[in-house]
Amino acid sequence: MTSSRQDLNFETAKADWSELQPFFAQGIVLHVSSTLDLLVVAEELAADNAPRFEHWLSSGDVAKVSDDQARQWIEGQAEMWTLVIKPWILVQECL
């Protein structure tokens, strides 16, 4: 059973990037490009839609957070939208 967009929307939260550092260190944080809707990505991940997710990974629209990106977010005190789809934490910069 997949989560509905409304259910997922209720599970989103804002967090400072500094709070996400332990999860980044575990390698479980995926960055979602601002060109994508965080909830759509979460729905597809929860539904195990591998072809669509692999397309986003290959295009770079979804990617593991790099060390350089993490450093920039720490320095910029970035605030992120977050959503947990186990075992992953999806993040997207708050605009």
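What counts, and where the lines are drawn
- Residues numbered from 1 in each chain as written.
- Predicted model: local features only at pLDDT ≥ 70, side-chain atom pairs only at ≥ 80, totals over all residues.
- Heavy atoms only, no water.
- Phe/Tyr/Trp six-rings, centres within 6.5 Å; stacked < 30°, edge-to-face > 60°.
- Helix = DSSP H or I, 4+ residues; strand = E, 2+ residues; numbered from the N terminus.
- Buried < 20%, exposed > 50% of the residue type's maximum accessible area, 1.4 Å probe, protein only.
- Contact = heavy atoms within 4.5 Å.
- Polar contact = N/O pair within 3.5 Å; in protein donor to acceptor, adjacent residues only side chain to side chain.

## Remarks on the packing of aromatic side chains
Here is step 1 of the chain: Considering all chains together, one arrives at three aromatic pairs under this definition.
Here is step 2 of the chain: Plain terms: the ring middles of Phe53 and Trp56 are 6.1 Å apart, the flat faces sit at 75° to each other, and that makes the pair edge-to-face. With Phe53 and Trp56 both in helix α4 (residues 50-59), this residue pair falls three residues apart, about one helical turn.
Here is step 3 of the chain: Given the relative accessible area of 4%, Trp56 is considered buried.
Here is step 4 of the chain: Through a chain of ring-to-ring contacts, three or more aromatic side chains come together here, namely Trp17, Phe24 and Trp73.

## Section: helix α3 (residues 38-46)
Here is step 1 of the chain: Burial within α3 is extensive, with eight of its nine residues counted as buried.
Here is step 2 of the chain: Within the sequence span of α3, burial applies to Leu38, Leu39, Val40, Val41, Ala42, Glu43, Glu44 and Leu45.
Here is step 3 of the chain: Residues of α3 that are buried sit in contact with α1 (5-11), β2 (29-32), α4, β3 (62-64), β4 (79-85) and β5 (88-93).
Here is step 4 of the chain: One side-chain oxygen at the N-terminal end of α3 lies 2.7 Å from the backbone nitrogen of Leu39; it belongs to Asp37.
Here is step 5 of the chain: Asp48, located one to two residues past α3, shows a positive phi value of around 60°.

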